[in-house]
Amino acid sequence: MTTTSAIYLDYAATTPVDPEVFEAMLPWLKDQFGNSSSIHQYGTRARVALEDARQSVAERLGVTLPEVVFTSGGTEGNNAAIQGLAFHARKRGKTHIITSRAEHNAVLQPIAFLESQGWTVSWLTPDSDGVIRADQVRDAIREETGFVSLMHVNNELGSVNPIEEITRICREADVPIHCDAVQSAGKLDIGSWDDAVRPDLMSLSAHKLYGPKGVGALIVHKDADWEPWMKGGSQERNRRGGTVNVPGVVGLQRALELATDRQENDRAHIVAIREAILDGIRTRFGSMVRLNSPAEGGLPHILNLRVACSSEDPIDGEMLLLNLDIEGICLSNGSACTSGAVEPSHVLTTIGLEPHEANASMRVSLGRINRLDDAKSFVDALERVLQRMKRTIPG
């Protein structure tokens, strides 16, 4: 599944397409190319594949078949959820939103746009582990609260918000809640949630779980007050206009099946690699390399580290990553959707890091294709890079 000898440690940005996913998609990319809205036999076969995929995704996520709306990915899902909830909330005279300062930009920017249009927003601040507590949401709910939007797993830290508890609070207050579940689908058992604790809307993306890019799903509870955002056709039961990406949907189906089937084995494998990295960091660097991610309770796939430095003697984060890339280690300093930004990670500064500390941070995100040996290779490469950057290694 990999094409180079470099070690890939950026699975939170995207994952390679699993060979079984590719094989499942292939017929729909070649001979079975019909439009699922067409009434002839090509269209009928595509429509059957589409609905089979919908049934499978619904079963894996513990929802009903009509609640699954296929999208182009997490960003569309988040925008569709927020804009659709806002439409109904405004009709009820409710123009207050609750969210977190540590959300992905696909949530931050749509909500910031609504704020510029007169909405009031409670921007909750996470704790030092990046977690929003349920009582913060309870305290922020007002009579005019239209909806809540909070992620399940933070894409930079791996911290896990108590979404089940938060959803229960929202239910009691009759406030709809949207959850960005892009980083948790296929890694945490969200399919076991019942209606009391499942958010009204959840967005996910195939390319985060070994599926193709450009496809995802928005789960919309049957009773949700939500207005479809993408207009232009009757597809997806009039909830998302546009020709459906049947090969992508089939890929999402197979990727989610494999991810849920392999979830426990993948987690155990990744925990072993994570612990090997942390052991190597502690042994080799001591306090020179520190942990930004939660020490406990977070998703093990994401490990955010920072090189200790001061504002007078900062680390050039871009040079750190480029030097690691030269060493054959591919990782990032945060969300792939903000790569190239001059500003430090908003997530890291939100949890209390100074800008120079955030810029000296890197996100190691692990996947099922990583090997235990990759841990030592990463630690060895980091030591060479820090020495090249004239940092004194303890010991």
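Everything here concerns the structure above.
Fair warning: this is a prediction, and the values are worked out from it, not measured in the lab.

Asker: For this particular structure, what's the right way to read the sheet that holds strand S10 (residues 302-307)?
Answerer: By way of backbone hydrogen bonds, the strands of a sheet pair with one another, either parallel or antiparallel. Judged by pairing direction, the sheet is antiparallel, and its 3 strands sit side by side in the order S9-S10-S12 without closing on themselves. The sheet is open, and its two borders are formed by strand S9 (289-291) and strand S12 (361-365), each paired with just one other strand. Sheet twist, expressed as the average angle between the axes of neighbouring strands with direction ignored, equals 30°. Two elements, S10 and S12, share 5 bridges in a ladder whose sense is antiparallel. Bridge pairing in S12 places Leu305 opposite Met362.

Asker: Just to check I follow, could you spell out the sheet that holds strand S6 (residues 177-180) for this structure?
Answerer: Taken together, the 7 strands give an open sheet; going across it, the order is S2-S8-S7-S6-S5-S3-S4, and neighbouring strands pair in mixed fashion. The open sheet is flanked by strand S2 (68-71) and strand S4 (120-124), the only strands paired with a single partner. Between one strand and the next, the sheet's axes are offset by a mean angle of 20°, whatever the strand orientation. As judged from the 4 bridges shared by S2 and strand S8 (residues 216-220), these two strands associate in the antiparallel manner. Paired with Thr71 across the strands is Gly216, a residue of S8. Strands S2, strand S7 (201-205) and S8 of the sheet are contacted by helix H2 (residues 41-61), whose axis makes an angle of about 115° with S2.

Definitions and cut-offs
Residues numbered from 1 in each chain as written. Predicted model: local features only at pLDDT ≥ 70, side-chain atom pairs only at ≥ 80, totals over all residues. Heavy atoms only, no water. Pairing = 2+ DSSP bridges. Helix = DSSP H or I, 4+ residues; strand = E, 2+ residues; numbered from the N terminus. Axes fitted to C-alpha atoms, helices over the stretch in contact; angles between N-to-C directions. Contact = heavy atoms within 4.5 Å.

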